[in-house]
Amino acid sequence: SCSSRHFMAIGLVYDGHAQHFPPASARATHIETPERVSVIYRALGKARLLDRLTRVAPREATRAEAEAVHTAEHLDALEALADAEPSLRGAWRGGAGGGWSLGRDMFHDAQTACAARRAAGGVVALTEGVLRGEISSGFALVRPPGHHACEDRMAGFCFLNSVAVAARAALSPRGGLRRVLVVDWDVHHGDGTQAIFEEDPAVLFFSLHRFGRGFFPGTGAASCVGGGAAAGRTVNVPFRREGMGDAEYLAAFDALLLPIARALPSSSSPPRAHPRLARDWAESRREPSTRSSSSSRPASTRREAT
């Protein structure tokens, strides 16, 4: 029988052995360190939540899983880091004239490639658990992060786009899904995820992020709504000032995300309602905030979130 415990089972992927460290010269100040996830894990334990979660073992993403998202050149460059001298760098870009740029955003050591594969594979394993009905949902507490990684670019601390790899796995014949919704509410725009799926009609990408005044990565305007057969399946909610809180996020979810997701057809045909809503958002994105975020109308949400 299907017990309530099974129905409510929430999975947790946590890789406490992801030894991917910044160089010693930057270890005290760099924000992308192992402590970023270990602190969260300890907080879950302190709140007595760990015993209520179903542990899902992390694994490395396979080459085939990663190549469903990234170019072979990208993956070869990642593998080469295992033998490279640990250092701080800028971004890596493939293609003619590509390679590593100068900078201090990205760091790598001998364990970086393995850590990136385990982060992506962990999200895939969690997704597979949901698809098999073993868990109802899940939380992947992994690093390095992934949403700035493009098809042929490593940037913003990100080497493999874990969510994109998992989405493509879910859409594969083995995964069996026909459509996937990706919701990204990091303070930074998920430029890599958007670029990967902006012409894929099987994926609806929804991002809430800070935007403007040179804030990294500088992408995510409301007018970017996807292209080709996926026109309207990219929805950006660019918050143009600091201090956005629960009211603004709930307004965006209730008046934009949920209506658009419900309007998305189950087939791969182009959506009808979604492009209209996305264009309306783009045209109204500079309106002042004048109404309560409790309204369920899209126009009200646009005023709250600009």
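Above this note sits the structure.
Criteria and cut-off values
- Here the residue index of a chain counts from 1 through its sequence in written order.
- Only residues with pLDDT of at least 70 are given local features in this predicted model, and only at 80 or more are side-chain atom pairs given and counted; all residues enter the totals for whole chains, interfaces and linings.
- Processing note: side-chain calculations cover all non-hydrogen atoms of the structure and skip hydrogens and water entirely.
- Using protein atoms alone on a 1 Å grid, points that fit a 1.4 Å probe yet trap it form a cavity, whereas open point sets bounded by protein on both sides within 12 Å along at least five of seven lines form a pocket; residues with an atom within 4 Å of a point count as lining.
- Grid points are joined across faces, edges and corners, and a volume is the space filled by probe spheres set on the points.
- To qualify as a helix, a DSSP run of H or I must reach at least 4 residues; to qualify as a strand, a run of E must reach at least 2; elements of each kind are numbered from the N terminus.
- Residues were grouped as follows: Ala, Val, Leu, Ile, Met, Phe, Trp, Tyr, Cys and Pro as nonpolar; Asp, Glu, Lys and Arg as charged; and all remaining residues, including Gly, as polar.
- Buried Ala, Val, Leu, Ile, Met, Phe, Trp, Tyr and Cys residues form a nonpolar core when they are joined through side-chain atoms within 4.5 Å.
- Exposure classes here rest on a 1.4 Å probe applied to the protein chains alone. A residue is buried below 20% of its type maximum, exposed above 50%, and partly exposed in between.
- Here the rule is simple: two strands pair whenever DSSP picks up at least two bridges between them.

## Points about the layout of surface pockets
- Considered as a void within the structure, the largest pocket measures approximately 1500 Å³ in volume.
- Around the largest pocket sit 43 residues that line it, and Ala140, His147, Val163, Val183 and Asp184 are the ones nearest its centre.
- Sorting the residues of the lining of the largest pocket by element identifies helix 2 (35-46), helix 5 (112-131), strand 7 (137-141), helix 6 (162-171) and strand 9 (180-184) as the ones contributing at least two each.
- Classifying every residue of the lining of the largest pocket gives 27 nonpolar, 11 polar and five charged.
- The calculated volume of the second largest pocket comes to roughly 230 Å³.
- If you trace the second largest pocket, you find 14 residues lining it, with Glu128, Ala169, Ser172, Arg174 and Gly175 closest to the centre.
- With four residues, helix 6 is the single largest residue contributor to the lining of the second largest pocket.
- A per-class count over the lining of the second largest pocket returns six nonpolar, three polar and five charged.

## Some details on the nonpolar core
- Formed by 23 residues in total, the largest nonpolar core has its most connected members in Val56 and Phe197.
- Counting only elements with at least two residues in this core, the list comes to helix 5, helix 6, strand 9, helix 7 (191-197) and strand 10 (203-210).
- Ranked by the residues each element gives to this core, the list is headed by helix 6, at six residues.
- The next biggest cluster of nonpolar side chains, apart from the first, holds 14 residues, and it includes Leu81, Trp92, Met106 and Leu160.

## A word on the pairing of strand 11 (residues 234-239)
- Burial analysis of strand 11 places six of its six residues in the buried class, which makes it a mostly covered element.
- Neither face of strand 11 is open: one carries Thr234, Asn236 and Pro238, the other Val235, Val237 and Phe239, and all of them are buried.
- Both strand 10 and strand 11 contribute to a ladder of six bridges, which runs parallel. Paired with leucine 208 across the bridge in strand 11 is valine 237.

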